[in-house]
Amino acid sequence: MPAENRLVIAGSEKKPIANAQLTGPIPVDETVTATIVLRRRSDHPPIAFDSAITVPHVREEYGVTHGADPKDVQAIEAFAHEHNLTVSERDPARRVIKVSGAAEAIQSAFGTQLQQNKVGAGTFRTRAGALSVPASIHPAIVAVLGLDNRPIAKPHFRRGKQQAAPEATPPGTFTPAQLAKVYNFPSGVTGAGQTIAIIELGGGYRTADLKAYFSSLNIKEPKISAVSVDGGINKPGGDADGEVMLDIEVAGAIAPGATITVYFAPNTDQGFHDAISTAAHDTVRKPSIISISWGGPEESWTAQARDAMNAAMQDAAAMGVTVTVAAGDDGSTDGVSDGKQHVDFPAASPFALACGGTKLTSSGTKIPNEQVWNELVKSEGSTGGGVSNFFPIPDYQKTAGVPKNLDTGFAGRGVPDICGDADPETGYVVRVDGKTQVIGGTSAVAPLWAALAALLNQQLGHPIGFVNPKLYALPAASFFDIVSGNNGDYKAGPGWDACTGLGSPNGVAIGQALAGTVANAAGAPIF
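All of these numbers come straight from a predicted model, not from anything done at the bench. (Residues numbered from 1 in each chain as written. Predicted model: local features only at pLDDT ≥ 70, side-chain atom pairs only at ≥ 80, totals over all residues. Heavy atoms only, no water.)

Draft legend 1. Highlighting the sheet that holds strand 2 (residues 21–25). The antiparallel open sheet is built from 3 strands, whose spatial order is 2-6-7. At either end of the open sheet lies a strand with only one pairing partner, and these are strand 2 and strand 7 (122–126). Here the strands of the sheet are splayed against their neighbours by 30° on average, with no regard to which way each runs. Looking at chain direction, strand 6 (residues 115–119) and strand 7 are connected through 5 bridges and run antiparallel. The partner of Gln116 across the bridge, within strand 7, is Arg125. (Pairing = 2+ DSSP bridges. Helix = DSSP H or I, 4+ residues; strand = E, 2+ residues; numbered from the N terminus. Axes fitted to C-alpha atoms, helices over the stretch in contact; angles between N-to-C directions.)

Draft legend 2. View of helix 9 (residues 442–460). Under the 1.5 Å per step criterion, the end-to-end length of helix 9 is 27 Å for 19 residues, consistent within 8% with the ideal 27 Å. Burial analysis of helix 9 places 16 of its 19 residues in the buried class, the great majority of the element. (Expected span 1.5 Å × (residues − 1). Buried < 20%, exposed > 50% of the residue type's maximum accessible area, 1.4 Å probe, protein only.)

Draft legend 3. Structural context of the environment of Thr123. Mapped onto the elements, Thr123 comes out in strand 7. On the basis of relative accessible area, Thr123 is assigned to the partly exposed category, the value being 46%. Sequence separation between Thr123 and Phe410 is 287 residues, and the spatial gap between their C-alpha atoms is 37 Å. Every residue in contact with Thr123, bar those within four places of it in the chain, is listed here: Thr23, Gln116, Asn117 and Lys118. (Contact = heavy atoms within 4.5 Å.)

Draft legend 4. Structural view of the packing of helix 6 (residues 241–254) against helix 9. Their axes nearest at 8 Å, the elements helix 6 and helix 9 cross at an angle of 30°. Considering the angle they form, helix 6 stands roughly parallel to helix 9. The chirality of how helix 6 crosses helix 9 is right-handed. Residue-level inspection shows Glu243, Leu246, Asp247, Val250, Ala251 and Ile254 of helix 6 in contact with helix 9, the latter providing Ser443, Ala444, Pro447, Leu448, Ala451 and Leu455. Here the residues of the contact of helix 6 with helix 9 sort into 9 nonpolar, 1 polar and 2 charged. (Parallel < 35°, antiparallel > 145°, perpendicular 65-115°, else oblique. Left-handed = near helix turned anticlockwise from the far one by under 90°. Nonpolar A, V, L, I, M, F, W, Y, C, P; charged D, E, K, R; others polar.)

Structure follows, in structure tokens:
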């Protein structure tokens with residue numbers, strides 16, 4: 001048989017893990033499952049939504065018109081069979097095909113070598129270099145994820161020093177319901193009819209804790225359920241429980257009428273992509289909002305993984321889903337120690353509503369002082385923010401005053417878009433693993449804005465959807481502008497800045513302005 005003509009998958013290059021201990025190759029008979037992400041079919045008009053008003057697609061129709069081409073699916077399945085791989089899942093709407101097989105067959109199919117590396121207390125399957133596939137199927141493939149299962153992201157939450165008694169809120173901290181009042185969230189709505197999808201890459205929740213928490217706030221417990229993606233499950237008992245419980249309790253306390261669905265997936269590039277894609281295309285639960293509080297420096301991702309994740313969030317935008325994403329808790333470097341500035345991904349996606357953090361001091365429902373959250377000198381975190389090195393500046397930010405990247409001069413997407421209270425010392429009173437405690441971080445801001453989106457969706461009678469272009473067109477009074485502080489190399493100032501974006505929410509004003517925007521567009525509601 002003649003040698004296969006193979007081509008490298010662009011952006012699939014993986015670097016070796018620093019400070020890792022190689023423990024050897026993986027067993028040749030170990031079963032490995034890969035997610036192959038395909039291109040959109042080319043026989044339909046391209047999708048575009050970088051404008052103030054967008055018309056979302058119906059989920060069931062979108063998967064047909066912008067899913068994978070049946071010919072591409074057929075070609076990938078033939079490739080799998082030729083290499084002794086089993087097609088374990090096919091989802092043309094999500095443009096995903098999963099293939100499974102012995103490690104030896106997987107390595108041959110994708111032109112790579114898989115090894116085991118010990119990193120800290122964990123041992124992971126890793127690879128280095130690029131992947132390749134036969135030239136005949138190369139154009140159809142966006143990414144191959146899951147061969148390397150090292151952790152890709154971390155939760156962006158910070159525990160405060162103050163410990164809350166079950167019956168008391170420590171001075172200067174807030175329950176989510178109190179924050180909703182401070183930020184002037186609309187009253188008379190509960191998020192009824194909305195589903196908030198929460199993406200989790202570890203940890204879990206205990207139903208008894210949730211019942212006790214909502215009861216302590218005298219708030220009706222929302223409907224909460226878990227969905228397993230790639231074998232991820234609700235597994236409480238570890239540190240990540242703080243993230244999971246924070247997300248559910250913040251969103252649920254502010255929008256108790258909404259249904260909350262938690263999509264649990266492994267902390268890998270495959271798991272993260274598949275969780276977002278599954279939530280976006282879920283025709284059963286039909287989330288109108290996706291909240292994400294996990295991420296990592298955008299340079300830590302392969303280009304193919306960033307592209308696949310970005311495409312999944314673009315799908316969500318196309319279907320009228322608002323995606324709120326934490327901007328990170330390590331300042332303008334995003335925790336990278338190379339002396340340069342970095343932004344967090346997936347917050348850096350132009351289809352994400354990137355959520356930065358503040359330190360909030362309130363008096364009743366008034367805000368006498370709100371500044372950039374920055375406690376880096378105390379090693380207690382700071383809001384992420386800066387300019388992407390990979391995603392060009394989107395149209396909706398071109399008049400916002402986004403600077404070029406300080407290190408490279410790249411005219412990139414600015415992060416964050418908006419902000420909210422995140423300093424753990426002025427943080428959120430929540431209940432985690434039987435204990436009432438105070439937690440902050442930009443992780444809290446993503447479900448805060450997700451809950452606001454649920455309230456506005458109910459109030460307006462339609463989803464606000466891909467809201468970024470609309471927010472940048474709103475009057476300045478729609479936000480509480482943050483003009484004091486910095487997150488390292490970026491300073492806050494009037495209008496948009498790379499610490500706190502447009503500002504923290506004036507919920508009622510945002511709702512009124514969005515209603516006016518919709519009504520004035522061609523004389524009829526378009527959303």
